[in-house]
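Tertiary structure, described
For reference, the chains in residue letters:
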Amino acid sequence: MLNRLSVNNFALIENAELDLNNGFTVITGETGSGKSILLGALKLILGERADYAVIRDQEKKTIVEAAFTISGDHFARFFKTHDLDLENETIIRREINSKGKSRAFINDTPVQLAVLKELSERLIHIHSQHHTLELKNKSFQRSILDVIAGNEKALANLKSLYSKAKELTREIKSLEENKSQLALEHEFNSFQLEELSKLQLETLDYENIEKEVERGEQFEEIKAAYQLIAHVINADDGVLNSLNTVLKTASVKDEQIQELLERIRSVQIELKDIGAIAEDDLSDLTLEPEELTRHINHLDAFNSALRKHNLSSQEELKDLFDHLSKEINDSSQIDEKITEKKFELEQLEKKAKVIAGELSDKRKKSAKTIEKQVAELLNQLKLEGAKIQFDFQAMELSEHGIDDITLYFAPNKGMSPQVIEKSASGGELSRLMLVVQFLLSQKQQLPTVIFDEIDTGVSGVVAQKIGEHLKKMGDTMQLMAITHLPQVASKGTHHILVKKENDKGFTKTYLKPLNNEERIEEIAKLMSGSIINDAALLNAKNLMNE
């Protein structure tokens, strides 16, 4: 329920505070007084985009604030999802600064406009005059059935399945289109993979092979180096014998000489070890021309592959090998993939058709009940004998089901129902929409509904019946109606007057809740114009008491 509305610096409204009540509230005012401005302010609460032009005083912010009483049970998930404080009285606020920048708040917490809209659309519904034309829209006609029949869950499941089916269809089409290209790529990739397979990348270490090739190519030089080392150290005139001579002939009792000789003995040990290793390695040093040739061939093929694929290491070639293997495997399995996805699509379509069939049965069953309810309610609104009829034609499966639904309307007894655009006047459409909105509001459980001149095109007794119907709706919900008709205004439990006045050279719009005496005067004015006499006041009282 909307408890309070505050509007500041919005169009012609300088500052307005409204405390609102449950039940049926009527809003009246002369043409041009600013009733549409009030709706504009409420539409900001509903998340509509802000317009810089609505700012009255460019030096101040425009602020529209609405306070709602909400049920924690129904909204707990929303507040938890968006990390917002859940309060019994929830305040929604929009601010627009002089640069046209808009900000949205829920309980003083800044939120994205989409979040505000998600909440406010569950709290309030504004039915403007142009919404009556929705009756001619087949999508709206279908939604009447689905909302009243409670088909939301089934529709959500159907839309999910249909969306998945569309995605699978796109995947299948893409696979089939790529099949020939993949066949060509398969042949080329297989050739490259075969080349890489010959490199034995998982078993051969090309870093070691490169070292072996380098040693093989320098065999004679390496052999000569070992020989030289061994000869210089171990020959009769080599270093070791020369050092032995030094140790024998230079042994004197001198501390510094003895220190040097000790160091020579240490060098001798290291040189003997070096000489032994050189002789052992020399004896083990062999050259196998066939093995060297094999290593060279492997290395040439390896380096050729690196250049061909613009790579720099064995690991990168391994990654390429794995990638090509996967590509070949994928391309070889494309027919299998297509078959699998077609089977999956077939199963999804079967499930969707089952849900669509159940949905269609439920719609047809609900249609009969709705047709009866609408006829009874239209009869109360002085459309005796009027009726609607939902026509069902089969169509291909879509996210909405398998029903092509058209709403037919006969506004008078004895007439055959026809499509709405050919069968209804403006007043008849208004009454039909009022009945439809009444039935929808009972199912949608909207706390607050606002009708903007739903009574357009009617007068007299019909207008009175509409007023009575709106009052009845107000017994179970918070309902507001903007009207020019005294028959409708007189049925309100509460009454707000919108008026425009000049104040020190500025035009301002005011919102004023009326007491009982003021209501009588306002309704009398609606009946007789600006000149109010005793007869008009008496008629207004009688109208309010009927």
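The coordinates are above.
Report follows, based on the coordinates. Predicted, not measured: the structure shown is a model, and the values here were computed from it.

Conventions adopted
Residues numbered from 1 in each chain as written. Predicted model: local features only at pLDDT ≥ 70, side-chain atom pairs only at ≥ 80, totals over all residues. Heavy atoms only, no water. Helix = DSSP H or I, 4+ residues; strand = E, 2+ residues; numbered from the N terminus. Buried < 20%, exposed > 50% of the residue type's maximum accessible area, 1.4 Å probe, protein only. Contact = heavy atoms within 4.5 Å. Areas by Shrake-Rupley, 256 points an atom, 1.4 Å probe, with all protein chains shown as cover. Lys, Arg positive; Asp, Glu negative; His and termini not counted. Charge placed at Lys NZ, Arg CZ, Asp CG, Glu CD. Core = buried A, V, L, I, M, F, W, Y, C linked by side-chain atoms within 4.5 Å. Pairing = 2+ DSSP bridges. Axes fitted to C-alpha atoms, helices over the stretch in contact; angles between N-to-C directions. Salt bridge = Lys/Arg side-chain N within 4 Å of Asp/Glu carboxyl O. Phe/Tyr/Trp six-rings, centres within 6.5 Å; stacked < 30°, edge-to-face > 60°. Patch = residues over 30% accessible without salt bridge, like charges linked within 9 Å, V, L, I, M, F, W, Y side chains within 5 Å. Expected span 1.5 Å × (residues − 1). Arc of directions from axis to C-beta. Polar contact = N/O pair within 3.5 Å; in protein donor to acceptor, adjacent residues only side chain to side chain.

1. A closer look at the overall build of the protein
- Secondary structure assignment for the protein yields 18 helices and 15 strands.
- Taken along its principal axes, the extent of the C-alpha atoms in the protein is 155 × 65 × 40 Å.
- Here the protein holds 546 residues, and the buried ones make up 41% of them.
- Taking the contacts inside the protein whose residues are at least 6 apart along the sequence as the reference set, 69% of them involve residues at least 24 apart.
- As displayed, the protein has an accessible area near 30600 Å², and 48% of this comes from carbon and sulfur atoms.
- Counting 70 positive and 91 negative side-chain charges, the protein places the averaged centre of each group 14 Å from the other.

2. Side note on the nonpolar core
- Among the nonpolar cores identified, the biggest contains 54 residues, and Leu 135, Phe 390, Leu 432, Phe 451 and Leu 470 are the most heavily contacted of them.
- Here this core gets nine residues from one element, more than from any other, and that element is helix α14 (residues 426-444).
- Grouped together as the second largest cluster of nonpolar side chains are 44 residues, Leu 2, Leu 38, Val 111 and Ile 496 included.

3. Considering the pairing of strand β1 (residues 2-10)
- Counting buried positions over the nine residues of β1 gives seven, a clear majority of the element.
- The pairing of β1 with strand β4 (residues 62-69) spans six bridges and is antiparallel. Bridge pairing in β4 links Ser 6 to Glu 65.
- Pairing analysis gives six bridges linking β1 to strand β2 (residues 13-19), with the strands arranged antiparallel. For Arg 4, the partnering residue across the bridge sits in β2 and is Asp 19.

4. Here's the deal with the sheet that holds strand β15 (residues 506-513)
- Strand order in the open sheet made by the six strands is β8-β12-β13-β3-β14-β15, with mixed pairing throughout. Sheet topology places β8 (124-127) and β15 at the edges, where each strand pairs with a single neighbour. This sheet shows a mean twist of 15 degrees between the axes of neighbouring strands, independent of strand direction.
- The pairing of strand β3 (residues 24-28) with strand β14 (residues 494-503) spans four bridges and is parallel. Along β14, the bridge assignment pairs Val 26 with His 495.

5. Quick notes on the pattern of salt bridges
- Under the counting rule described, the total for this entry stands at 20 salt bridges.
- For the salt bridge of Arg 4 with Glu 89, the shortest nitrogen-to-oxygen distance reads 3.6 Å. Highlighted residues: Arg 4 in strand β1 and Glu 89 in strand β5 (residues 89-96), separated in sequence by 85 residues.
- Judged by its relative accessible area of 24%, Arg 4 is partly exposed.

6. Overview of the packing of aromatic side chains
- Scanning the model with the defined rule gives two aromatic pairs in all.
- Note on Phe 78 and Phe 79: the rings are 5.4 Å apart at their centroids and 80 degrees apart in plane angle, and the pair reads as edge-to-face. Taken as a pair, Phe 78 and Phe 79 share a single burial class, namely buried.
- An angle of 10 degrees between the planes, with centres 4.3 Å apart, marks the rings of Tyr 206 and Phe 302 as stacked.

7. Observations concerning the side chain of Ser 120
- Along the chain, the position of Ser 120 falls in helix α3 (residues 113-120).
- Exposure remark for Ser 120: the relative accessible area of 0% places this residue in the buried category.
- Non-local contacts of Ser 120, meaning those with residues more than four positions away in its chain, are made with Ile 45, Leu 46, Gly 47 and Ile 92.

8. Quick look at a negative patch on the surface
- Together, Asp 205, Glu 207, Glu 210, Glu 214 and Glu 217 make up a negatively charged patch on the protein surface.
- Its relative accessible area of 41% is what places Glu 214 among the partly exposed residues.

9. Quick look at the environment of Glu 121
- Structurally, Glu 121 can be placed in the loop between α3 and β8.
- Measuring from C-alpha to C-alpha, the distance between Glu 121 and Thr 448 comes to 10.0 Å, with 327 residues separating the pair along the chain.

10. With respect to helix α6 (residues 206-217)
- For α6, with twelve residues, the first-to-last C-alpha span of 16 Å sits near the 16 Å given by 1.5 Å per residue.
- Within α6 the residues assigned to the buried category are Tyr 206, Ile 209, Val 213 and Gly 216. Looking straight down α6, one finds that the buried residues subtend no more than 70 degrees of arc, so they occupy a single side.
- Between a side-chain oxygen at the N-terminus of α6 and the backbone nitrogen of Glu 207 the separation is 3.1 Å; the capping residue is Asp 205.

Any functional reading would require information that these geometric values do not contain.
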